[in-house]
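A structural walkthrough
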Amino acid sequence: MGSSETALALQLSSRQASDFELLANGGFAPLTGFLGSEDHKSVCENMRLASGEIWPIPITLATDLECSVGDVVTLTAPNGKHLGRITVEEIYEKDVELEAEKVYRTTDNEHPGVAAMRAEGARCIAGPIEADALPDHDEAFMRRYQTPAESKKAFEERGWKRIVAFQTRNPIHRAHEYLTKAALEICDGLYIHPLIGETKKGDIPAEVRMKCYEVLMEKYYHPDHVMLGVNPGKMHYAGPREAVLHAIIRRNYGCTHFIVGRDHAGVGDYYGTYDAQRIFDDIDTGELGITPLFFEHTFWCHECNGMGSSKTCPHPQESHLFLSGTKVREMLSNGEKPPPEFSREEVAQILIDAYKEEAENG
């Protein structure tokens with residue numbers, strides 16, 4: 001290392017550290033570093049890197065660090081842990097408005113992804129990274145941590161050829177369980193792959209989320225056909241574009257199929273209910289390297305006496321059990337279990353206990 005490395009250091013934010021981690025562990029392949037201006041513009045406008053490969057959301061490193069092209073900058077995690085370095089190939093001002101309009105489809109600051117991007121600023125440094133270490137995570141997540149190389153090896157050891165990935169940032173309720181099992185019927189294995197990078201305020205803590213996944217796997221999934229990992233990515237809330245990013249990441253982890261549900265990676269009313277599925281109409285799945293599986297909104301139907309969707313259930317909405325997230329949170333915080341048609345009793349109990357503990361700790 002040159003003397004410039006010791007002189008220049010940058011402490012990454014938690015969002016930047018999660019990008020660094022996916023660049024370092026292969027989750028963002030073919031990317032090997034933070035994007036420059038040409039790639040930024042190309043990704044925003046064409047959903048492709050300047051080299052022509054599909055890439056939906058620019059991965060950039062915004063900073064006001066004083067440095068020059070050719071400098072090697074040491075990178076550390078938010079907790080100060082040494083991660084590695086970036087060799088600066090370009091310093092530029094990215095077009096933040098272009099990114100907001102094209103990637104997020106809105107310039108509204110109320111949108112959490114747009115707000116986070118604006119807060120980071122427009123001045124970026126670009127270049128390849130070298131990793132010496134990966135960021136730390138909560139112990140509950142680390143117990144299930146796998147790099148893409150490790151998950152591929154695990155799939156191979158189990159003899160899985162068709163592997164479907166499920167993206168989530170919440171506990172799995174009956175509707176999610178239904179669609180993961182429907183997808184599993186045509187695959188050899190299910191990879192439950194919750195996102196563990198920065199989400200928005202009010203999301204459920206690590207320990208609690210992992211307990212919910214683990215109890216379900218133990219009681220309601222066949223042990224030979226399910227695996228739990230973690231995706232260190234952050235949420236952009238970029239709806240359709242993020243659905244494509246989520247698919248690419250899972251391809252890199254060795255999956256062949258990817259579940260795209262209703263309002264995937266959406267927030268508020270910024271995207272149409274099925275926009276995240278329609279975006280794949282213009283993408284060649286052979287080129288993408290993973291096959292998306294599209295699911296309608298699923299629910300419990302009292303007439304069918306089972307789970308269904310608008311494709312399978314002929315009954316009117318009055319027969320369907322619908323509980324909003326707000327309603328469920330309200331019930332849980334009052335110590336009430338949502339009906340078994342909505343949530344498995346074991347999952348509800350873990351959540352009730354967590355709410356109780358949170359209330360006791362203020």
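Reading the values: the criteria
Residues numbered from 1 in each chain as written. Predicted model: local features only at pLDDT ≥ 70, side-chain atom pairs only at ≥ 80, totals over all residues. Heavy atoms only, no water. Helix = DSSP H or I, 4+ residues; strand = E, 2+ residues; numbered from the N terminus. Rg over C-alpha atoms; globule rule 2.2 N^0.38 Å. Buried < 20%, exposed > 50% of the residue type's maximum accessible area, 1.4 Å probe, protein only. Contact = heavy atoms within 4.5 Å. Areas by Shrake-Rupley, 256 points an atom, 1.4 Å probe, with all protein chains shown as cover. Lys, Arg positive; Asp, Glu negative; His and termini not counted. Charge placed at Lys NZ, Arg CZ, Asp CG, Glu CD. 1 Å grid on protein atoms, 1.4 Å probe; cavity = no way out; pocket = protein on both sides within 12 Å on 5 of 7 lines; lining within 4 Å. Points joined across faces, edges and corners; volume = space filled by probe spheres on them. Nonpolar A, V, L, I, M, F, W, Y, C, P; charged D, E, K, R; others polar. Salt bridge = Lys/Arg side-chain N within 4 Å of Asp/Glu carboxyl O. Pairing = 2+ DSSP bridges. Axes fitted to C-alpha atoms, helices over the stretch in contact; angles between N-to-C directions. Expected span 1.5 Å × (residues − 1). Patch = residues over 30% accessible without salt bridge, like charges linked within 9 Å, V, L, I, M, F, W, Y side chains within 5 Å.

Tallying secondary structure elements over the chain gives 14 helices and 15 strands in all. What you see for the chain is a C-alpha radius of gyration of 21 Å, in line with the 21 Å of a compact globule of 362 residues. Counting only C-alpha atoms, the chain reaches 70 × 50 × 45 Å along its principal axes. In the chain, which comprises 362 residues, the share counted as buried stands at 53%. In the chain, once contacts between residues fewer than 6 apart in sequence are set aside, the share between residues at least 24 apart is 71%. Accessible area for the chain stands at about 16,200 Å²; split by element, carbon and sulfur atoms hold 47% of it. The centroid of the 37 positive side-chain charges in the chain is displaced by 4 Å from the centroid of its 57 negative side-chain charges.

Note the cis peptide between A29 and P30, where omega equals 10 degrees. Locating P30 in the fold gives a position in the loop between α2 (14–25) and β2 (33–34). For N305, which is not glycine, the phi dihedral falls at a positive 60 degrees. Summarising the element assignment, N305 is placed in the loop between β13 (298–301) and β14 (306–309).

Under the criterion given, the structure shown has 2 cavities of 30 Å³ or more. Around the largest cavity, the lining comprises 15 residues; the ones closest to its centre are P58, E99, E120, K234 and H236. When contributions to the lining of the largest cavity are tallied by element, the ones reaching two or more residues are α2, α4 (96–104) and α5 (112–120). Classifying every residue of the lining of the largest cavity by side-chain character gives 5 nonpolar, 4 polar and 6 charged.

Counting across every chain of the model gives 19 salt bridges. We note a salt bridge from E157 to K153, for which the minimum N-O separation is 3.2 Å. Here E157 pairs with K153, and both are found in helix α7 (residues 148–158), just 4 residues apart, close to one helical turn. By relative accessible area, E157 is classed as exposed at 60%. What makes K153 exposed here is its relative accessible area of 53%. Residues R344 and E177 are paired through a salt bridge, measuring 2.8 Å at the closest nitrogen-oxygen approach. With R344 in the loop between α13 (325–333) and α14 (345–360) and E177 in helix α8 (residues 174–184), this pair connects stretches of sequence that are 167 residues apart. Like R344, the residue E177 is buried in the burial classification. Residues joined by salt bridges that share partners form a network here, namely R85, E130 and D132.

What follows covers the sheet that holds strand β11 (residues 257–260). Ordered in space as β10-β9-β8-β11-β12, the 5 strands form an open sheet in which the pairing is parallel. In this open sheet, the two edge strands, each paired with only one partner strand, are β10 (226–228) and β12 (291–294). Between one strand and the next, the sheet's axes are offset by a mean angle of 25 degrees, whatever the strand orientation. Sheet topology places strand β9 (residues 189–194) next to β10; 3 bridges connect them, and they run parallel. Note on β10: the bridge partner recorded for L190 is V226. Taken strand by strand, α8 contacts β8 (163–168), β9, β11 and β12, and its axis lies near 165 degrees from that of β8. Lying on the sheet, helix α10 (residues 239–252) is in contact with β8, β9 and β11; it crosses β11 at an angle near 155 degrees.

Our next topic: α14. An ideal rise of 1.5 Å per residue puts 22 Å on 16 residues; α14 measures up with 22 Å between its terminal C-alpha atoms. When we look at burial in α14, the residues that qualify are V347, A348, I350, L351 and I352. Of the surrounding secondary structure, the elements contacted by the buried residues of α14 are α9 (206–220) and α13. Positive backbone phi, at 70 degrees, marks G362, one or two positions downstream of α14.

Taken together, the side chains of D353, E357, E358 and E360 make up a negatively charged region of the molecular surface. Looking at the element boundaries, E358 is found in helix α14. With relative accessibility at 54%, the residue E358 sits in the exposed group.

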